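Below, each chain spelled out in residue letters.
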Amino acid sequence: MLKDITLGQFFPGDTPVHRLDPRSKILLLIVFIVALFMAHGWAGYGLMLLVTALCMAVSRISPRNIFKGLKPMLFIIVFTAALNLFYTQGTPLFPGWPITREGLERSIAMVLRIVLLIAGTFLLTYTTSPMALTDGMERLLSPLKKIGLPVHEITMMMSMALRFIPTLIEETDKIMSAQKARGADFENGNLLQRAKALLPILVPLFVSSFRRADELAVAMESRCYHGGSGRTRMKQLHFQALDLWALALGALLLAAMILLRRFGL
């Protein structure tokens, strides 16, 4: 299960999605999320599903990687579907059944919304390197520097947290394998027993994380790192024609969702 968590990974490529400016991709993700939450009927969800499939095809990201990343979220997806399926009032599908037609439709819509939301977020991290993502977020949030907000430090922390997710997952898997070799059992027993069995994993994981953070801080200080004003970048961000076309398509998608919602589709 741990190996199925792909959040924070970057898949290098030379597709149009990879070549987009990171600022454009962040803005497009925001537009995608807004449009997704505006979806009201099946036409809206169908359009969002089509857009997601096209983005996956253009970026050459395999659907297998997306579904692999969805596995750790399977419990939340099933739990949300069950709540909407059994606790939505309406017309029963069959006489005496607790499942209503409205509940079934709402359950499917919520599952689609969660899956598409996670898939859109994965497409951003899969096609954008952590450094490019940090630069893009810092440039977008740069107006907040005028009110004294440490934008560079915040974006750097977010980038490092995202970067070390795969590292921590790998470290957790190694610790679990070592504990299993010593006879630890993480699969049998009730919920309380399983929670107690996780203690031999959490303690060395926290120790390793703090040690890694201290080593990273020492390495940055040894290289005379300092954030804020005065820093230069090896790669400068520039909007290109491809970014303008992508943003125009994002605006078109948002306008289409507004029209579909207005007409109840």
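Read on for an overview of the structure. (Residues numbered from 1 in each chain as written. Predicted model: local features only at pLDDT ≥ 70, side-chain atom pairs only at ≥ 80, totals over all residues. Heavy atoms only, no water.)

## Examining the packing of helix α3 (residues 42-59) against helix α12 (residues 241-262)
Phase 1 of the analysis: At a minimum axis distance of 9 Å, the contact between α3 and α12 shows a crossing angle of 165 degrees. Here α12 runs roughly antiparallel to α3, going by the angle between their axes. Considering only the axes of α3 and α12, their crossing is right-handed. Of the residues in α12, those touching α3 at A43, G44, L47, M48 and V51 are L253, A256, M257 and L260.
Phase 2 of the analysis: Its residues assigned to classes, the contact of α3 with α12 comprises 8 nonpolar, 1 polar and no charged. (Axes fitted to C-alpha atoms, helices over the stretch in contact; angles between N-to-C directions. Helix = DSSP H or I, 4+ residues; strand = E, 2+ residues; numbered from the N terminus. Parallel < 35°, antiparallel > 145°, perpendicular 65-115°, else oblique. Left-handed = near helix turned anticlockwise from the far one by under 90°. Contact = heavy atoms within 4.5 Å. Nonpolar A, V, L, I, M, F, W, Y, C, P; charged D, E, K, R; others polar.)

## Some details on the layout of surface pockets
Phase 1 of the analysis: Its volume calculated, the second largest pocket comes out at about 770 Å³.
Phase 2 of the analysis: Contributing elements (two or more residues each) for the lining of the second largest pocket: α1 (16-19), α2 (22-38), α3, α6 (101-127) and α12.
Phase 3 of the analysis: By residue number, the principal contributor to the lining of the second largest pocket is α12, which donates 8 residues.
Phase 4 of the analysis: Of the residues assigned to the lining of the second largest pocket, the class counts are 21 nonpolar, 5 polar and 1 charged. (1 Å grid on protein atoms, 1.4 Å probe; cavity = no way out; pocket = protein on both sides within 12 Å on 5 of 7 lines; lining within 4 Å. Points joined across faces, edges and corners; volume = space filled by probe spheres on them.)

## A look at the nonpolar core
Phase 1 of the analysis: Residues F32, A35, L36, A39, Y45, M48, V51, A109, L116, L253, M257 and L260 constitute the largest nonpolar core, which totals 12 residues.
Phase 2 of the analysis: Going through the elements one at a time, α2, α3, α6 and α12 are the ones with two or more residues in this core.
Phase 3 of the analysis: In this structure A109 touches W42 and Y45, once residues within four positions along its chain are discounted.
Phase 4 of the analysis: Within the second largest apolar cluster, 11 residues are counted, among which are L70, I114, A119 and F122. (Core = buried A, V, L, I, M, F, W, Y, C linked by side-chain atoms within 4.5 Å. Buried < 20%, exposed > 50% of the residue type's maximum accessible area, 1.4 Å probe, protein only.)

## As for the packing of aromatic side chains
Phase 1 of the analysis: Throughout the structure, instances matching the rule amount to 5 aromatic pairs.
Phase 2 of the analysis: Taken together, a centroid distance of 6.0 Å and an interplanar angle of 15 degrees make the contact between F75 and F79 stacked. Of the two residues, F75 and F79 are both situated in helix α5 (residues 74-86); the distance of 4 residues between them amounts to about one turn of the helix.
Phase 3 of the analysis: For F75, a relative accessible area of 63% puts it in the exposed group.
Phase 4 of the analysis: Between F122 and Y126 the ring centres are 5.5 Å apart and the planes differ by 20 degrees, which places this aromatic pair in the stacked class. Remark: Y126 and F122 occur in helix α6; sequence separation between them is 4 residues, near one turn of the helix.
Phase 5 of the analysis: Counting every residue linked through ring pairs, the aromatic cluster contains F11, F122 and Y126.
Phase 6 of the analysis: Seen from the ring of F239, R23 lies directly overhead, with NZ or CZ sitting 4.2 Å from the centre. (Phe/Tyr/Trp six-rings, centres within 6.5 Å; stacked < 30°, edge-to-face > 60°. Lys NZ or Arg CZ within 6 Å of the ring centre and 35° of its normal.)

## Observations concerning unusual backbone geometry
Phase 1 of the analysis: Within the chain, R60 stands out as a residue other than glycine whose phi angle is a positive 60 degrees.
Phase 2 of the analysis: Secondary-structure assignment places R60 in the loop between α3 and α4 (63-70).
Phase 3 of the analysis: On the basis of relative accessibility, which here comes to 71%, the residue R60 falls in the exposed class.

## Here's the deal with a nonpolar patch on the surface
Phase 1 of the analysis: Side chains of L27, I30, V34, L140, L141, L144, I147 and L149 sit close together on the surface and give an oily, nonpolar patch of about 630 Å² of accessible area.
Phase 2 of the analysis: No other element matches α2, which puts 3 residues into the nonpolar patch.
Phase 3 of the analysis: Looking at where L27 falls in the secondary structure, it is placed in helix α2.
Phase 4 of the analysis: The partly exposed category is assigned to L27, whose relative accessible area is 32%. (Patch = residues over 30% accessible without salt bridge, like charges linked within 9 Å, V, L, I, M, F, W, Y side chains within 5 Å. Areas by Shrake-Rupley, 256 points an atom, 1.4 Å probe, with all protein chains shown as cover. Salt bridge = Lys/Arg side-chain N within 4 Å of Asp/Glu carboxyl O.)

## Some points on the pattern of salt bridges
Phase 1 of the analysis: Scanning the entire structure with this criterion turns up 3 salt bridges.
Phase 2 of the analysis: Where R19 meets D14, a salt bridge forms, and the shortest distance between an N and an O atom there is 3.4 Å.

So yeah, pure geometry; function would need other evidence.
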